[in-house]
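Report on the structure
The lines below spell out each chain.
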Amino acid sequence: MAIEIPDGRPVFMKVADRLTEAIAEGLVADGERIPSTTEISTAYQINPATVLKGMNLLVDRGLLEKRRGLGMFVTAGAGRSVRERRRNELLNGRFQDLVKEAKSLDVSREDLDAIIERVYQ
């Protein structure tokens, strides 16, 4: 798990985002224990409190659960939930913005269809 620091966003958000990506990609499965705050903070030279803040954000979002004395675990259905949220963001946000911009630039429907077909394959 790589955590890039220089983009100006808070580090705890980057930790949460990277863990969310790992869950969405199935790198950590439902019910699986994620690395501890100490393991992550040591591996990436991040303050353990910062790592914990990122993890707690995912607890608040229902993607992780704390098990006293055992660590943090991916909740049941977390991967599916993250993928569904991302799918909705894509279809109801980014994709619509892309189509609006294409229309404003006089890109034809046929050109968009051809690009989508080529990229999708």
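Residues numbered from 1 in each chain as written. Predicted model: local features only at pLDDT ≥ 70, side-chain atom pairs only at ≥ 80, totals over all residues. Heavy atoms only, no water.

1. Let's talk about helix H4 (residues 78-104)
Over its 27 residues, H4 runs 38 Å from end to end, which matches the ideal 39 Å to within 8%, given 1.5 Å per residue. Along its length, H4 reaches its greatest deviation from straightness, about 40°, at Leu90. Listing the buried residues of H4 in full gives Ala78, Gly79, Val82 and Ala102. The positive-phi residue at the C-terminal boundary of H4 is Asp106, with phi of around 60°. (Helix = DSSP H or I, 4+ residues; strand = E, 2+ residues; numbered from the N terminus. Expected span 1.5 Å × (residues − 1). Bend = angle between axes of the 7 residues up to and from the residue. Buried < 20%, exposed > 50% of the residue type's maximum accessible area, 1.4 Å probe, protein only.)

2. Quick look at the pairing of strand S1 (residues 64-67)
Examined bridge by bridge, S1 and strand S2 (residues 71-74) share four bridges and lie antiparallel to one another. The partner of Glu65 across the bridge, within S2, is Phe73. Between S1 and the antiparallel strand that follows it, S2, lie three residues; Gly69 among them carries a positive phi value of about 80°. (Pairing = 2+ DSSP bridges.)

3. Looking at the domain arrangement of the protein chain
With domains assigned, the protein chain is organised as domain 1 (11-76) and domain 2 (79-120). Each partner contributes residues to the interface: domain 1 has six residues there, and domain 2 has six residues. Summed over both partners, the interface of domain 1 with domain 2 buries about 500 Å², with 56% contributed by carbon and sulfur atoms. Broken down residue by residue, the surface that domain 1 buries against domain 2 is led by Thr20, Ala24 and Leu63, which jointly contribute 63%. Linking domain 1 with domain 2 are zero salt bridges, by the criterion used here. Between the two partners, domain 1 and domain 2, sit one residue pair in polar contact (both at pLDDT 80 or more). (Domains from an automatic or database assignment. Contact = heavy atoms within 4.5 Å. Buried area = accessible area lost by both parts, 1.4 Å probe. Salt bridge = Lys/Arg side-chain N within 4 Å of Asp/Glu carboxyl O. Polar contact = N/O pair within 3.5 Å; in protein donor to acceptor, adjacent residues only side chain to side chain.)

4. Observations concerning the nonpolar core
Where a protein is soluble and globular, its nonpolar side chains tend to be buried together. The biggest cluster of nonpolar side chains holds 19 residues, and the ones touching the most others in it are Leu19, Ile23, Ile34, Met55, Leu64 and Val74. For this core, the elements supplying multiple residues, two or more each, are helix H1 (11-24), helix H3 (48-60), S2 and H4. In terms of residue count, H1 provides more of this core than any other element does, six residues in total. Ignoring any residue separated from it by four or fewer positions in sequence, one finds Leu64 in contact with Ile23, Ile34, Met55, Leu58, Val59, Phe73, Val74 and Thr75. (Core = buried A, V, L, I, M, F, W, Y, C linked by side-chain atoms within 4.5 Å.)

5. Let's talk about the environment of Ala22
Along the chain, Ala22 falls in helix H1. Along the chain, Ala22 and Ile34 lie 12 residues apart, while their C-alpha atoms are 9.7 Å from each other. When sequence neighbours within four positions are dropped, the list of residues in contact with Ala22 reads Leu27 and Val28.

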